[in-house]
Amino acid sequence: MRSVVISGPPAVGKTTVARALAGEFGLEYLSGGDVLKGIAREEGFDSGGDDWWDTEEGMRFLDKRSKNPEFDRRVDDSLRALFDEGGKVITSYTLPWLVDDGIKIWLAGSHENSSRRMGSRDSIGMAEALAITRRRYLANKVLYKKMYDFEFGEDSSIFNVVINTDNLDADQVIQSAKSQVREML
Ligand SMILES: Nc1ncnc2c1ncn2[C@@H]1O[C@H](COP(=O)(O)OP(=O)(O)OP(=O)(O)O)[C@@H](O)[C@H]1O
Ligand SMILES: Nc1ccn([C@@H]2O[C@H](COP(=O)(O)O)[C@@H](O)[C@H]2O)c(=O)n1
């Protein structure tokens, strides 16, 4: 069975959709974030919890990654090999630009909506969530341009499925993803 990759800006809902697709189609769910957290642990960070990326420690690791692309390269190399085995659903910022086959989903959404979602997931205020969303988005954009020469968030032409999540709740996004993926698996 083909693998599925889900990309999109921070806290747009990638994990939520990936888990739902895994359950619906019997795919194995893997998270780029979890692989990267494993590397953060090797680097001495205490990287637990869904909200870790949005903590001060998570931001420090983001700065470290910005200076050293090797962390991200290790994540991407291992995920690429797993993706090519088939039968996976993977959340990854970068994989859609790095693999040829498979189903590529882009979840679009404004920074404001991402921040609202991050705020309720991580129990932080809107202003702080907005600052974190922008910082994470921009740091990744710069890093991927430098590493792979693509413009994260600006080119949806490589995706098989694009869902604008701004006016949809999580269940509506999931239903849309399921019905489109069902046609392509
Ligand atoms: N369409 C939606 N509308 C409102 N809330 C949503 C929607 N999709 C997901 N959420 C909620 O938003 C929060 C962030 O979702 P999720 O963790 O799936 O995002 P993510 O893109 O995987 O995040 P990250 O980039 O930080 O790994 C969660 O609390 C989730 O329940
Ligand atoms: N090569 C990468 C790097 C990161 N991810 C995803 O990033 C999230 C955390 O990263 P931030 O830079 O935004 O703090 C994490 O949830 C992963 O989804 C990735 O997929 N691939």
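If you're wondering where the values come from, they're calculated on a predicted model, not measured in any experiment. (Residues numbered from 1 in each chain as written. Chains lettered and ligands numbered in written order. Predicted model: local features only at pLDDT ≥ 70, side-chain atom pairs only at ≥ 80, totals over all residues. Heavy atoms only, no water.)

Peer 1: Can you lay out the packing of aromatic side chains for me, pointing to particular residues and giving the numbers?
Peer 2: Within the structure shown, the criterion is met by 18 aromatic pairs. The interplanar angle of 65° and the centroid separation of 5.1 Å between the aromatic rings of W52 and W53 together place this pair among those described as edge-to-face. Here W52 and W53 have matching classes, each one buried. Here W97 and W106 contribute two aromatic rings whose centre-to-centre distance is 6.5 Å and whose plane-to-plane angle is 85°, an arrangement assigned as edge-to-face. Three or more aromatic residues joined by ring pairs make a cluster, and in this case those are Y93, W97, W106, Y137, Y144, Y148, F150, F152 and F159. (Phe/Tyr/Trp six-rings, centres within 6.5 Å; stacked < 30°, edge-to-face > 60°. Buried < 20%, exposed > 50% of the residue type's maximum accessible area, 1.4 Å probe, protein only.)

Peer 1: Outline the site of ligand 2, supporting the account with residue identities and numerical values.
Peer 2: In the vicinity of ligand 2 there are 14 residues, among which R65, D72, Y93, R136 and N140 approach most closely. D72 places a side-chain nitrogen or oxygen 2.9 Å from a nitrogen atom of ligand 2. Contact between ligand 2 and R136: an oxygen atom at 2.7 Å from a side-chain N or O atom of the residue. Of all elements in the fold, only α2 (32-42), α3 (56-67), α4 (70-85) and α7 (126-148) reach the threshold of two or more residues within the shell around ligand 2. For the shell around ligand 2, the per-class residue count stands at five nonpolar, five polar and four charged. (Near = heavy atom within 4 Å. Polar contact = N/O pair within 3.5 Å; in protein donor to acceptor, adjacent residues only side chain to side chain. Helix = DSSP H or I, 4+ residues; strand = E, 2+ residues; numbered from the N terminus. Nonpolar A, V, L, I, M, F, W, Y, C, P; charged D, E, K, R; others polar.)

Peer 1: I'd love a proper account of the packing of α2 against α4, names of residues and values included.
Peer 2: Running from amino to carboxyl end, α2 crosses α4 at an angle of 135°, the nearest separation of the two axes being 10 Å. Considering their axes alone, α2 and α4 lie oblique with respect to each other. The element α2 and its partner α4 pack so that their crossing is right-handed. Along the contact surface, α2 presents G32, V35, L36, I39 and E42, while α4 presents F71, R74, V75, S78 and L79. (Axes fitted to C-alpha atoms, helices over the stretch in contact; angles between N-to-C directions. Parallel < 35°, antiparallel > 145°, perpendicular 65-115°, else oblique. Left-handed = near helix turned anticlockwise from the far one by under 90°. Contact = heavy atoms within 4.5 Å.)

Peer 1: Requested: an account of the nonpolar core, with residues and values cited.
Peer 2: Judged by nonpolar contacts, the single largest core of 20 residues is most densely connected at V4, I6, V17, L21, V89, I105 and L107. For this core, the secondary-structure elements that each account for two or more residues are β1 (4-7), α1 (14-25), β4 (103-108), β5 (161-164) and α8 (170-184). Looking at which element gives the most residues to this core, the answer is α1, with six residues. Each residue touching V17, except ones within four places of it in the same chain, is listed here: I6, L107, V173, I174 and A177. L30, I39, F45 and L95 belong to the second-largest nonpolar core, a separate cluster that totals 16 residues. (Core = buried A, V, L, I, M, F, W, Y, C linked by side-chain atoms within 4.5 Å.)

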